[in-house]
Amino acid sequence: MLTIIQRPLLVVLNWFERLFDMPFGPSWNPFLQLGTLAFFFFWVSAVSGIYVYIVFDTSIAGAFTSVEEMTRQWYLGGIMRSLHRYASDAMVVTAAFHLAREFALDRYRGIRWYSWFTGIPVVWLLFISGISGYWLVWDELAQYVAIASMEWIDWLGIFGEPVAANFLTEESLDDRFFSLLVFIHIFGPLFLLFMMWVHILRINNAKTNPPRGLAFGSFAMMVGLSLAYPAVSHAPADLATVPSVVNLDWFFMFLYPAFDIWGSGALWVISIGGSLFLCLMPWLPPLKKKDAPQVVLEQCNGCTRCFEDCPYGAGDMRPRADG
């Protein structure tokens, strides 16, 4: 059944690979460097986020103002804020294409189950890190995302009192709770980085850095995008009113319209059910175990290519047994 999806998806992805091969060549082709680009965009987002945090006021009263002042500082602060935004979006895009490509190439079963399985928490932590960042701007979009997120969590009933009650009035939301949001956005990426390391732990000679030319070009593209279309805020959050129009970041917030239409229960079914299905995919159906490769000494010249190419270090090099 899954092959019905894999085959047309592989055709589309192969078309994109050939398209990018023409201007970039095989070594710089972004579609052949999706994993390394995801790592690169994480570091761009992390470094720019450190600057943003330094000038950010973590109080409710000063959060929006500090972000606005930083945005107007076009020569550094505005670029850093926009880099932080666009690098995060780019990481979502590269991670999504990476997941789709590994699925289309059937690289998620057998011994590869570990990398696929540990990739699911990476996706969750990526979205937690990104969405929590939008809370801190404390504009109308932050107000909408924060209230919807808390109502979604409250549906589980794991807290004694509804967490969304903190957003009923301006008086109910204090700096302590806002500091908790800052804590989530700081430690979310740290856990994300840890899971990214776990994700590649069993891959032999795993690469986490894209080619320098591709990295430089990607960074220059994001700087240009930051200058041409800088990230801007909505109007300041006002808990006494309900925002009528918000411009969603669809890379992170594509499920929020579903929350508005179907409610919390349906969204939990989609997110948890989808995650469980992805976790079980390596065994749906079970992959038939292939016979172990055999070395035919008469045809082996000791080039070590098979040893170097194996991403999982399944073999080792030993002295010849035939003298």
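What comes next is a walk through the structure. Note that the structure is a prediction, hence the values are computed from the model and not measured.

**Considerations on the pattern of salt bridges**
Close approach of charged atoms lets side chains of opposite charge pair. One pass over the full model with this rule turns up 8 salt bridges. A salt bridge links Glu102 to Arg107; the shortest N-O distance between them is 3.8 Å. Taking relative accessible area as the criterion, Arg107 reaches 33% and is therefore assigned partly exposed. Here Arg305 ties to Asp309 by a salt bridge, and the two come within 3.9 Å at their closest N and O atoms. Within this pair, Arg305 and its partner Asp309 are both found in helix H12 (residues 305-309), separated by 4 residues, close to a single helical turn. This pair shows no difference in class: Arg305 is exposed, exactly as Asp309 is. Three or more residues joined by partner-sharing salt bridges are found here, namely Arg85, Asp89 and Asp249.

**Section: the packing of aromatic side chains**
Going through the model one piece at a time under the given rule, you end up with 19 aromatic pairs. Ring centres of Phe20 and Phe24 lie 5.9 Å apart, and the angle between their planes is 20°; on these two criteria the pair is classed as stacked. Of this pair, Phe20 and Phe24 both sit in helix H1 (residues 2-24), 4 residues apart, roughly one helical turn. Using a relative accessible area of 25% as the deciding quantity, one classes Phe20 as partly exposed. For Phe24, a relative accessible area of 35% translates into the label partly exposed. Summarising the aromatic geometry, the rings of Phe183 and Phe187 are spaced 4.4 Å apart at their centres and angled 35° between planes, so their arrangement reads as tilted. Here the residue Phe183 and the residue Phe187 both occupy positions in helix H7 (residues 175-199), the gap between them amounting to 4 residues, near one helical turn. The partly exposed category is assigned to Phe183, whose relative accessible area is 46%. We note Arg202 situated over the ring of Tyr114; from NZ or CZ to the ring centre the distance is 5.0 Å.

**Quick notes on the side chain of Ser233**
Considering the arrangement of structural elements, one finds Ser233 in the loop between helix H8 (212-228) and helix H9 (250-253). Within the structure, the side chain of Ser233 is placed 3.1 Å from the side chain of Glu68, a separation counted as a polar contact. When residues no more than four places from it in sequence are discounted, the contact partners of Ser233 are Phe64, Val67, Glu68, Arg81, Val137 and Asp139.

**Focus on the side chain of Thr118**
Counting through the fold element by element, Thr118 comes out in helix H5 (residues 113-137). Classification of Thr118 by relative accessible area gives buried; the value is 8%. A distance of 3.3 Å separates a polar atom in the side chain of Thr118 from a polar atom in the side chain of His199. Setting aside chain neighbours within four positions, we find Thr118 in contact with Met195, Val198 and His199.

**What about the packing of helix H2 (residues 34-55) against H7?**
Across the interface, H2 lies against H7 with an axial gap of 12 Å and an inter-helix angle of 155°. As far as their axial angle goes, H7 and H2 are roughly antiparallel. When you trace H2 past H7, the crossing you get is left-handed. Here Phe39, Phe42, Trp43 and Tyr53 of H2 come into contact with H7, specifically with Val182, Ile186, Pro189, Leu192, Leu193 and Met196. Class assignment for the residues of the contact of H2 with H7 results in 10 nonpolar, no polar and no charged.

**So, the environment of Ala237**
Mapped onto the fold, Ala237 is located in the loop between H8 and H9. What Ala237 contacts, discounting residues up to four positions off in sequence, is Trp138, Asp139, Glu140, Gln143 and Glu170.

**Here we look at the environment of Ile131**
When you line up the elements, Ile131 lands in helix H5. Sequence separation between Ile131 and Met253 is 122 residues, and the spatial gap between their C-alpha atoms is 7.6 Å. If we ignore the near neighbours within four places in the chain, the residues touching Ile131 are Val145, Ser149, Phe252 and Tyr256.

**Side note on helix H11 (residues 264-280)**
With 17 residues, H11 should reach 24 Å at 1.5 Å per residue; the first-to-last C-alpha distance of 24 Å fits that figure. Within the sequence span of H11, burial applies to Ser264, Gly265, Leu267, Trp268, Ser271, Ser275 and Cys279. Across the axial projection of H11, the buried residues extend over an arc of 165°, all falling on one side.

**Topic: the packing of helix H6 (residues 140-154) against H11**
Packing of H6 against H11 brings their axes to within 9 Å, and their N-to-C directions diverge by 80°. One way to sum up the angle between H6 and H11 is to call them roughly perpendicular. Every residue of H11 that contacts H6 at Glu151, Trp152 and Ile153 is listed here: Ser264, Leu267, Trp268 and Ser271.

So, how was this worked out
Residues numbered from 1 in each chain as written. Predicted model: local features only at pLDDT ≥ 70, side-chain atom pairs only at ≥ 80, totals over all residues. Heavy atoms only, no water. Salt bridge = Lys/Arg side-chain N within 4 Å of Asp/Glu carboxyl O. Buried < 20%, exposed > 50% of the residue type's maximum accessible area, 1.4 Å probe, protein only. Helix = DSSP H or I, 4+ residues; strand = E, 2+ residues; numbered from the N terminus. Phe/Tyr/Trp six-rings, centres within 6.5 Å; stacked < 30°, edge-to-face > 60°. Lys NZ or Arg CZ within 6 Å of the ring centre and 35° of its normal. Polar contact = N/O pair within 3.5 Å; in protein donor to acceptor, adjacent residues only side chain to side chain. Contact = heavy atoms within 4.5 Å. Axes fitted to C-alpha atoms, helices over the stretch in contact; angles between N-to-C directions. Parallel < 35°, antiparallel > 145°, perpendicular 65-115°, else oblique. Left-handed = near helix turned anticlockwise from the far one by under 90°. Nonpolar A, V, L, I, M, F, W, Y, C, P; charged D, E, K, R; others polar. Expected span 1.5 Å × (residues − 1). Arc of directions from axis to C-beta.

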